[in-house]
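# Commentary on secondary and tertiary structure
In case you want the letters, here they are:
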Amino acid sequence: DVKVTQSSRYLVKRTGEKVFLECVQDMDHENMFWYRQDPGLGLRLIYFSYDVKMKEKGDIPEGYSVSREKKERFSLILESASTNQTSMYLCASSLAGRADSPLHFGNGTRLTVT
Amino acid sequence: QKEVEQNSGPLSVPEGAIASLNCTYSDRVSQSFFWYRQYSGKSPELIMSIYSNGDKEDGRFTAQLNKASQYVSLLIRDSQPSDSATYLCAVTLRGSGNTGKLIFGQGTTLQVKP
């Protein structure tokens with residue numbers, strides 16, 4: 001069974017801090033994704049990666065960056081956290097090469113920026 | 001027009017009834033369609049996937065796809081209170097190729113009343 005693990009379930013950070021959200025998957029998936037989920041706005045794609053060191057912007061990349069140095073790990077970085085980045089962050093992974101490959105989600109990180 | 005649209009609900013049905021959840025999408029060349037269930041405070045989990053026109057059944061769940069009408073639905077038979085959750089429709093878009101990128105609807109909240 002696919003396991004996607006996010007390092008923190010809850011985080012509280014201050015405005016201006018640099019924040020790292022870590023995600024690890026154990027199924028050798030090529031594709032990894034970071035979404036944020038907000039009430040009334042649904043799931044929005046921040047960044048995704050289809051290979052080591054490869055990344056592409058999603059729909060809302062502003063204020064975020066990512067790092068994928070190893071296949072199993074995909075990190076989301078908030079360079080200078082702001083209150084409007086308070087949200088639920090979801091990491092997901094999937095197999096490459098198949099349009100029918102579903103996303104497998106981690107448990108989520110609820111980030112509060114004060 | 002949003003790329004993937006769902007009625008946010010809440011959709012309220014009595015226990016034992018059939019719940020019908022609907023989703024429309026804008027991209028005619030979308031290939032893969034997924035239904036996820038998300039309990040409050042939890043991450044989305046995959047319920048069904050469908051790729052061809054027609055019906056696909058799995059236990060109490062039936063997914064229906066009509067590509068000509070750009071419409072996908074999820075039927076839940078013999079609804080149970082444990083089915084109360086938000087149901088997310090997700091679709092691959094043109095150009096997503098092998099990246100597995102999905103676009104999500106905002107979700108429909110289902111309430112099953114005992």
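This text goes with the structure placed above it.
Rules used in this analysis
Residues numbered from 1 in each chain as written. Chains lettered and ligands numbered in written order. Predicted model: local features only at pLDDT ≥ 70, side-chain atom pairs only at ≥ 80, totals over all residues. Heavy atoms only, no water. Pairing = 2+ DSSP bridges. Helix = DSSP H or I, 4+ residues; strand = E, 2+ residues; numbered from the N terminus. Contact = heavy atoms within 4.5 Å. Polar contact = N/O pair within 3.5 Å; in protein donor to acceptor, adjacent residues only side chain to side chain. Buried < 20%, exposed > 50% of the residue type's maximum accessible area, 1.4 Å probe, protein only.

On to the pairing of strand 6 (residues 54–57) of chain A, then. All names here are of chain A. Examined bridge by bridge, strand 5 (residues 42–51) and strand 6 share three bridges and lie antiparallel to one another. Each bridged residue has a counterpart across the sheet, and for Tyr47 the counterpart in strand 6 is Lys57. Between strand 5 and the antiparallel strand that follows it, strand 6, lie two residues; Lys53 among them carries a positive phi value of about 65°.

Counting residues at the interface gives 20 residues for chain B and 26 residues for chain A. Where chain B meets chain A, there are six residue pairs in polar contact (both at pLDDT 80 or more). Breaking the side of chain B that touches chain A down by element, the ones donating at least two residues are strand 4 (33–38), strand 9 (85–92) and strand 10 (102–104) of chain B.

This part covers unusual backbone geometry. Put simply, B:Gly9 and B:Pro10 share a cis peptide bond, and its omega is 10°. At A:Asp28, a residue that is not glycine, the phi angle is positive and equals roughly 60°. Considering the arrangement of structural elements, one finds A:Asp28 in the loop between strand 3 (19–25) and strand 4 (31–38). Of note, the phi angle at B:Gln70 is positive, near 55°, even though the residue is not glycine. Among the secondary structure elements, B:Gln70 is positioned in the loop between strand 7 (61–66) and strand 8 (71–76).

Turning next to the pairing of strand 8 of chain B. All names here are of chain B. Buried residues dominate strand 8, accounting for five of its six residues. Judged from the six bridges that link them, strand 3 (residues 19–25) and strand 8 form a sheet pairing that is antiparallel. Across the sheet, the residue bridging to Ala19 is Ile76, located in strand 8. One ladder, built from six bridges, connects strand 7 with strand 8; its direction is antiparallel. In the strand pairing of strand 8, Asn66 is matched with Tyr71. The turn linking strand 7 back onto strand 8 is made up of four residues, and Gln70 within it adopts a positive phi angle of 55°.

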